[in-house]
Amino acid sequence: MIIWGSKGKEVQAGSGSFFCPSCRADAPYTLMRVSKYFTLYFIPLFPTGTIGQYVRCFNCKHEYPDVILTCTREEILKAISPWTCAKCGNTNPLSQNACLKCDTPQPGVPPVLPR
C-alpha cells in the first residue's frame, strides 16, 4: 500500500528591514512562504504550489500580509493612527466606525461594513 498526500510547510523566503506598525520603529523581518508539498509516506518531497506569504517582525513576532513591504512609513502610520471627526473635531480610535461624541460616520468607511 502506497501512502501519499500533501502538507503545508513554511520556509524562509527572505529577510530585511521594514517599519513595524506594532513596534512603531524600523525592525528586521523574515518573509515566510507557505507552500504545499507532495508527501510520500508522510515525508514532504517537493513543493506543488505556494499557498501564501507573510512578514514576521523579528522584535515583536507580529505577522503581517506581505503587501506591508510596499507601504511607506507615512502610509502605515496613517493606517494605524486615530481619526478626527470632521464635524465636531473629536479624536476617535481607528476601530470606531462612527464618532464617539456626535455619531458621525468615519470618512471612507461604508456604514454597513464593519472595520
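Whatever comes next refers back to the structure up there.
Thresholds, definitions, all that
- Residues numbered from 1 in each chain as written.
- Predicted model: local features only at pLDDT ≥ 70, side-chain atom pairs only at ≥ 80, totals over all residues.
- Heavy atoms only, no water.
- Pairing = 2+ DSSP bridges.
- Helix = DSSP H or I, 4+ residues; strand = E, 2+ residues; numbered from the N terminus.
- Axes fitted to C-alpha atoms, helices over the stretch in contact; angles between N-to-C directions.
- Phe/Tyr/Trp six-rings, centres within 6.5 Å; stacked < 30°, edge-to-face > 60°.
- Buried < 20%, exposed > 50% of the residue type's maximum accessible area, 1.4 Å probe, protein only.
- Lys NZ or Arg CZ within 6 Å of the ring centre and 35° of its normal.

1. Overview of the sheet that holds strand E3 (residues 43–57)
Thinking step 1. Across the sheet, four strands lie side by side as E1-E2-E3-E4; this open sheet has antiparallel pairing. Of all the strands in the sheet, the pair left with one neighbour each is strand E1 (4–20) and strand E4 (63–65). Sheet twist, expressed as the average angle between the axes of neighbouring strands with direction ignored, equals 40°.
Thinking step 2. By the bridge criterion, three bridges tie E3 to E4 in an arrangement that is antiparallel.

2. Section: the packing of aromatic side chains
Thinking step 1. By the definition in use, this model includes four aromatic pairs.
Thinking step 2. Ring centres of Trp4 and Phe38 lie 6.3 Å apart, and the angle between their planes is 20°; this geometry places the pair in the stacked category. Taken together, the residues Trp4 in strand E1 and Phe38 in strand E2 (residues 25–40) connect sequence positions 34 residues apart.
Thinking step 3. Judged by relative accessible area, which is 62%, Trp4 ranks as exposed.
Thinking step 4. Ring geometry for Phe38 against Phe46: centres 5.3 Å apart, planes inclined by 20°, an arrangement best described as stacked.
Thinking step 5. Judged by relative accessible area, which is 23%, Phe38 ranks as partly exposed.
Thinking step 6. Of the residues examined, Phe46 reaches a relative accessible area of 42% and is grouped as partly exposed.
Thinking step 7. The structure contains a cluster of three or more aromatic residues connected by ring pairs, namely Trp4, Phe38 and Phe46.
Thinking step 8. Over the face of the ring belonging to Phe58 we find Lys61, whose NZ or CZ atom lies 4.6 Å from the ring centre.

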